[in-house]
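Residue-level listing of the chains:
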Amino acid sequence: MEQEELLRQLLDARSPINIESLLDTITALVNDCKIPVLMRMKSIDNFINRYERVVESLSSMRMKACDFRQLKVIGRGAFGEVHLVRHNKSNTVYAMKMLNKDDMIKRADSAFFWEERDIMAHANSDWIVRLQYAFQDPRYLYMVMEYMPGGDLVNLMTTYDVSEKWTRFYTAELVEALAALHEMGYIHRDVKPDNMLISRSGHIKLADFGTCVKMNEGGVVRCSTAVGTPDYISPEVLRNQGQDAEFGKEVDWWSVGVFIYEMLIGETPFYAEALVSTYTNIMNHKTSLKFPDDAQISEKAKDIIKRFLSAAPERLGKNSVDEIRAHRFFVNDEWNFSTLRNATPPIIPTLKSDDDTTHFEEIESKDRDNQETFQLPKTFNGNQLPFIGFTYSNEYSPVNGLKNQKQL
Ligand SMILES: CN(C)[C@H]1CCc2nc(NC(=O)c3cccc([C@H]4CCCN4C(=O)Nc4cccc(C#N)c4)c3)sc2C1
């Protein structure tokens, strides 16, 4: 029986001792010990002599960056970039996010990517960008994700004057996407147009889950760091900065209110030159929330914005997603929440090819990966340990290969 159970864990993509994780472990150990000062110790020198070539040949057989052709930089974040790439073997185009391990170690910030990896790997939802592969080398983590050729909603808002009809459609899709994420037990905490991407069909998906956090059984999160982008952050997350605060998924519904306002008015409701003034406006939202007199915005749009931009206990969505879906702002004669996925989106991206990037801003690549920025550590720091278990494949991998064998 133990044999069976052990074999099951080796083949289970979610098990910490699945084969991909064990291969990560031996690779990490060799990379962390293969430094001259450590190899003066006999036991380490013997270990490296036995395993160095094993790990080299292993790495040549596993997925690596050069299996992909870099086509274009399509995005940049705090610890890395997203590139449009083409997989040499399948010729398929993907968005490949690269996170710099050195930066994460230096900033002691090397755990946020687990939620992003797990959500995109296991969501299996039309509303969440899918992870095809995750792999790594001594310098970077790589997430190979589906390419969203329509770009993000920031780009859409700067390209078009968004009508209430369009806003209704994108807000409904955002509500469904957040409902799916909350259903998985996560709060996003950084909902903003930059994280809503348009697929080839014109429907949107949530992306960039670095700020996500798992709710506990009570559906709340105890966490002091205020994470998120100032303009979209809810008052309760702001107020409790530093102290151990408890908040729930309603923080995401606040951001939906900011999103609707921004699409209809053209700027965020609490924007101010100085950051501290933005915070003050958010804390005093009861008095600071204003609609410009010349804004063409319907009463029902104003109402839903006010219902989202209210204190947590009475915020729309606090009790259920259905109370959001029932709001009269969404009433229209073309779709409802159950037919939304089949409705015709406002914009269907016109694409000349599968690697068309016209809907993404030009970004020059910061090619910092020249060697000198990468100095060998002086002693064993275990710098590769935080990344063990990150490697994942949505399809063929040693794990699935073994699973498909008859004898298992
Ligand atoms: C402070 N700690 C705790 C952490 C809080 C959360 C966090 N997130 C980070 N994130 C990053 O460092 C990062 C790197 C590249 C791109 C992107 C996004 C921002 C720009 C575009 N982007 C993105 O993910 N795009 C994307 C994603 C999926 C598909 C497609 C396509 N097509 C495009 C983010 S660093 C960091 C620190």
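Scroll up for the structure.
Just so it is clear, the structure is predicted and the values come from calculations on it, not from any experiment. (Residues numbered from 1 in each chain as written. Predicted model: local features only at pLDDT ≥ 70, side-chain atom pairs only at ≥ 80, totals over all residues. Heavy atoms only, no water.)

Across its full length, the protein chain carries 15 helices and 12 strands. For the protein chain, the spread of C-alpha atoms along the principal axes amounts to about 75 × 50 × 45 Å. Taken over 408 residues, the protein chain has a buried fraction of 50%. By sequence separation, contacts in the protein chain at least 24 residues apart represent 68% of the contacts at least 6 residues apart. Just so you have it, the protein chain exposes about 20,300 Å², and 52% of that area is on carbon and sulfur atoms. Separation between the mean location of the 48 positive side-chain charges and that of the 59 negative ones in the protein chain comes to 3 Å. (Helix = DSSP H or I, 4+ residues; strand = E, 2+ residues; numbered from the N terminus. Buried < 20%, exposed > 50% of the residue type's maximum accessible area, 1.4 Å probe, protein only. Contact = heavy atoms within 4.5 Å. Areas by Shrake-Rupley, 256 points an atom, 1.4 Å probe, with all protein chains shown as cover. Lys, Arg positive; Asp, Glu negative; His and termini not counted. Charge placed at Lys NZ, Arg CZ, Asp CG, Glu CD.)

This paragraph deals with the packing of aromatic side chains. Taken as a whole and judged by the stated rule, the model has 20 aromatic pairs. Between Tyr-94 and Tyr-133 the ring centres are 6.1 Å apart and the planes differ by 75 degrees, which places this aromatic pair in the edge-to-face class. Taken together, the residues Tyr-94 in strand S3 (residues 93-100) and Tyr-133 in strand S4 (residues 131-136) connect sequence positions 39 residues apart. In this structure Tyr-94 comes out as buried when scored by relative accessible area, which is 9%. Overall, the relative accessible area of 5% leaves Tyr-133 in the buried class. Note on Phe-113 and Trp-114: the rings are 5.4 Å apart at their centroids and 45 degrees apart in plane angle, and the pair reads as tilted. Residue classification places Phe-113 among the buried residues on the basis of a relative accessible area of 0%. Joined through ring pairs, the aromatic side chains of Phe-79, Phe-112, Phe-113, Trp-114, Phe-387 and Phe-390 make up one cluster. Across from the ring centre of Phe-329, 5.8 Å away, lies the NZ or CZ of Arg-168, which sits over that ring. (Phe/Tyr/Trp six-rings, centres within 6.5 Å; stacked < 30°, edge-to-face > 60°. Lys NZ or Arg CZ within 6 Å of the ring centre and 35° of its normal.)

Our next topic: helix H4 (residues 42-61). An ideal rise of 1.5 Å per residue puts 28 Å on 20 residues; H4 measures up with 29 Å between its terminal C-alpha atoms. Remark: the principal bend of H4, roughly 40 degrees, maps to Tyr-51. Residues of H4 that are buried in the fold lie against helix H2 (19-33) and helix H3 (36-39). (Expected span 1.5 Å × (residues − 1). Bend = angle between axes of the 7 residues up to and from the residue.)

Looking now at the environment of Gly-202. Inspection of the secondary structure assignment puts Gly-202 in the loop between strand S7 (196-198) and strand S8 (204-206). The exposure class assigned to Gly-202 is buried, which follows from its relative accessible area of 0%. Along the chain, Gly-202 and Ile-35 lie 167 residues apart, while their C-alpha atoms are 50 Å from each other.

To continue, consider the pairing of S4. The side chains of a regular strand alternate between both faces of the sheet. Of all 6 residues in S4, 6 are buried, a share of seventy percent or more. Judged from the 5 bridges that link them, S4 and strand S5 (residues 140-146) form a sheet pairing that is antiparallel. Pairing of Gln-136 across the sheet is with Leu-141, part of S5. (Pairing = 2+ DSSP bridges.)

With antiparallel pairing, 6 strands are arranged side by side in an open sheet as S1-S2-S3-S5-S4-S12. The open sheet has two edge strands with one neighbour each: strand S1 (68-77) and strand S12 (392-393). Seen against the sheet, helix H6 (residues 113-122) touches S3, S4, S5 and S12 and runs at an angle of roughly 30 degrees to S5. (Axes fitted to C-alpha atoms, helices over the stretch in contact; angles between N-to-C directions.)

So, on to unusual backbone geometry. Of note, Ala-108 is a non-glycine position whose phi angle comes to about 45 degrees, a positive value. Positionally, Ala-108 belongs in the loop between helix H5 (101-106) and H6.

Another aspect to go through is H2. Compared with an ideal rise of 1.5 Å per residue, which puts 15 residues at 21 Å, H2 spans 21 Å between its outermost C-alpha atoms and is within 8% of the ideal. Counting buried positions along H2 gives 11 out of 15 residues, so the element sits mostly inside the fold. Within the sequence span of H2, burial applies to Ile-19, Glu-20, Ser-21, Leu-23, Asp-24, Ile-26, Thr-27, Ala-28, Val-30, Asp-32 and Cys-33.

The geometry of helix H10 (residues 250-265) relative to helix H13 (residues 299-308) is characterised by a closest axis approach of 8 Å and an angle of 145 degrees between their N-to-C directions. Of the two possible hands of crossing, H10 and H13 adopt the one that is left-handed. Contacts between H10 and H13 involve Trp-253, Trp-254, Val-256, Gly-257, Ile-260, Tyr-261 and Leu-264 from the first element and Ala-301, Ile-304, Ile-305 and Phe-308 from the second. Taken together, the residues of the contact of H10 with H13 break down into 10 nonpolar, 1 polar and no charged. (Left-handed = near helix turned anticlockwise from the far one by under 90°. Nonpolar A, V, L, I, M, F, W, Y, C, P; charged D, E, K, R; others polar.)

Near the ligand, the surroundings consist of 22 residues, among which Ala-78, Phe-79, Lys-97, Asp-109 and Met-148 are the closest. Contact between the ligand and Met-148: a nitrogen atom at 3.0 Å from a main-chain N or O atom of the residue. Contact with the protein chains hides 80% of the accessible area of the ligand, taken as 780 Å² for the molecule alone. Within the residue set of the shell around the ligand, elements represented by two or more residues are S1, strand S2 (80-87), S3 and S5. (Near = heavy atom within 4 Å. Polar contact = N/O pair within 3.5 Å; in protein donor to acceptor, adjacent residues only side chain to side chain.)

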